[in-house]
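Reading the structure
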Amino acid sequence: MIQRELEDKYLVMPEKAELLIDVALRNRPYLPNREEAVRFIGVYIGIPFCPSRCYYCSFPGYPLQHRPGLSEFFQALIYEVRQTGQALKELNLVVDNLYIGGGTPTVLDAPLWDKLLDSLQGGILGPETTEFTVEAGRPDTLKPEILNLLINGGVNRICVNPQTMNDKTLIRIGRQHDAQMIRDAFAMVRHTGFKHINMDLIVGLPEEGRTEFEQSLREVLRLGPESITVHHLSRKRGSTWQMQEVDVNQDPIGQMVGNTDEIMVKAGYLPYYLYRQKYMRGNQENIGYARPGSFSKYNIRIIEERQTIIGLGGGAASKFVNPNNWTLTTLYHPKDPATYINKVEGLINAQVDKLRALS
Ligand code: SF4
């Protein structure tokens, strides 16, 4: 019935309709009911700095030398985290999932991580925060000292994102590391004791076809992460390639995807969330695969919009969900660190007002 409606009314291809239904059924146990949505929220913290800028990226990933720099941004962030934590306590709101992304949050050094983890104790992180993810997207930022702080600070899911395991492509996309550094970073993260590692790959990178993508996929599978997100390249606004009008790849995208789904399912991973973005190659979707039991609550809820998730820091988006009628309002934090610093007080007040109105 639903399959037919998707195909007839929305002209969805039969295999995509099947995928959508499978994903929706897997999502269902992770969606809060009304009572849960009144009490529990999620938090996203954006650290908009990276060691260097990847050419395809439109995320807020300012190279570290950006002015005003990391320390001024960090001061404003700690202030926002502490003020928001205090407000959450007063409003009796409990954070059950926390995600620190960016950018590359692991550009923060150990003393800064120490301060940030400490500030989270003031009302954001608590015993009911069952999922705490940190993006360690770039292996060139990972150090044992930081990983130890993260695991002792409650982080239980970490993302090490190769995008490709092909050394030549890594150079072409502006990364400053090779595939061996990814293998070493993965081993370091595992050795620290992390039980859930996610890895991201991109289909359609320059001069990569189906063979190259499948090589990366198989190599990542050999490492054995608990989840793998397969993105499709998009020429997003704000990326270096979009600004330079670089034509990234001519191959038909359908051929490049190949039999990814079959390979993933055979290896024990199931598609559990998906989304589309503007300007994506071949009108495909990004799909999160995970082993059963390793589905990310944050990823499902940010896409399904069935839980309020507030954003703090640079470039963060907040989604406020009214549990009485499931309507949505949003609030966006500026990407630019200088603008964020200037506006932080107003952002805190606006955010707390919206939370109060929902409680
Ligand atoms: S893709 Fe990730 S690591 Fe690369 S610039 Fe963007 S946020 Fe930074």
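Position labels on residues start from 1 in each chain and follow its written sequence. Two thresholds apply to this predicted model, a pLDDT of at least 70 for residue-level local features and 80 or more for giving and counting side-chain atom pairs, whereas whole-chain, interface and lining totals are computed over all residues. As a rule here, side-chain values cover all heavy atoms of the structure and leave hydrogens and water aside.

Some points on the site of the ligand
By convention in these notes, a residue is near a molecule or strand provided one of its non-hydrogen atoms lies within 4 Å of it. Taken together, C50, S52, R53, C54, Y56, C57, G103, T104, R138 and R175 make up the full set of residues adjacent to the ligand. Within the shell around the ligand, the residues separate by chemical class into four nonpolar, three polar and three charged. Amino acids outside the nonpolar list (Ala, Val, Leu, Ile, Met, Phe, Trp, Tyr, Cys, Pro) and the charged list (Asp, Glu, Lys, Arg) are all regarded as polar, and Gly is one of them.

Some words on the packing of helix α6 (residues 144-152) against helix α8 (residues 179-192)
Taken N-terminus to C-terminus, the directions of α6 and α8 make an angle of 40°; their axes are 10 Å apart at the nearest point. Relative to α8, α6 is oriented oblique. Note on packing geometry: the crossing formed by α6 with α8 is right-handed. The segment α6 lies against α8, with P144, L147, N148 and I151 engaging M188, V189 and T192. Its residues assigned to classes, the contact of α6 with α8 shows five nonpolar, two polar and no charged. Between N-to-C directions, angles span 0 to 180 degrees; the directions come from axes that are lines fitted to C-alpha atoms, helices contributing only their stretch in contact. Numbered from the N terminus, helices here are DSSP runs of H or I no shorter than four residues, and strands are runs of E no shorter than two. When describing relative orientation, an angle under 35 degrees is termed roughly parallel and one over 145 degrees roughly antiparallel, while 65 to 115 degrees is termed roughly perpendicular and anything else oblique. Two helices cross in a left-handed way if the nearer one is turned anticlockwise from the farther one by less than a right angle. They cross in a right-handed way if the turn is clockwise. Only heavy atoms enter the contact rule, under which two residues are in contact if any of them lie within 4.5 Å.

Brief notes about the layout of surface pockets
Rolled over the atoms, a probe as big as a water molecule pinpoints where empty space is left. By volume, the second largest pocket amounts to about 370 Å³. Site definitions follow a grid-based scheme: protein atoms alone, a 1 Å grid, a 1.4 Å probe that fits but cannot get out for cavities, and for pockets an open set with protein on both sides within 12 Å along at least five of seven lines, plus lining residues having an atom within 4 Å of a point. Considering the residues around the second largest pocket, the lining is formed by 20 residues, among which E15, L19, D261, I287 and Y289 are closest to the centre. Secondary-structure elements contributing two or more residues to the lining of the second largest pocket are α2 (14-27), β8 (227-232), α12 (260-266), β9 (270-275) and β10 (286-290). The dominant element in the lining of the second largest pocket, judged by the number of residues it contributes, is α2, at six residues. Grid points are joined across faces, edges and corners, and a volume is the space filled by probe spheres set on the points.

Some thoughts on the side chain of N198
If you trace the backbone, N198 turns up in strand β7 (residues 197-203). The classification of residues rests on relative accessible area computed with a 1.4 Å probe and restricted to protein chains. Under 20% of the type maximum is buried, over 50% is exposed, and intermediate values are partly exposed. Under the relative-accessibility criterion, N198 is labelled buried at 3%. Distance and chemistry together define a polar contact, namely a pair of N or O atoms within 3.5 Å, with one atom able to donate a hydrogen and the other to accept it when in protein, and with adjacent residues in sequence counting only for side-chain atoms on both sides. Engagement of the side chain of N198 in a polar contact is seen with the side chain of D200, the distance being 3.0 Å.

Side note on the pattern of salt bridges
Any carboxyl oxygen of Asp or Glu that lies within 4 Å of a side-chain nitrogen of Lys or Arg is treated as forming a salt bridge with it. Applying the stated criterion across every chain, the model contains 16 salt bridges. With its nearest N and O atoms 2.5 Å apart, the salt bridge here joins R183 to E219. Linking R183 in helix α8 with E219 in helix α9 (residues 210-223), this pair joins segments that are 36 residues apart in sequence. Here the residues in one salt-bridge network are K16, R276 and E285, joined through shared partners.

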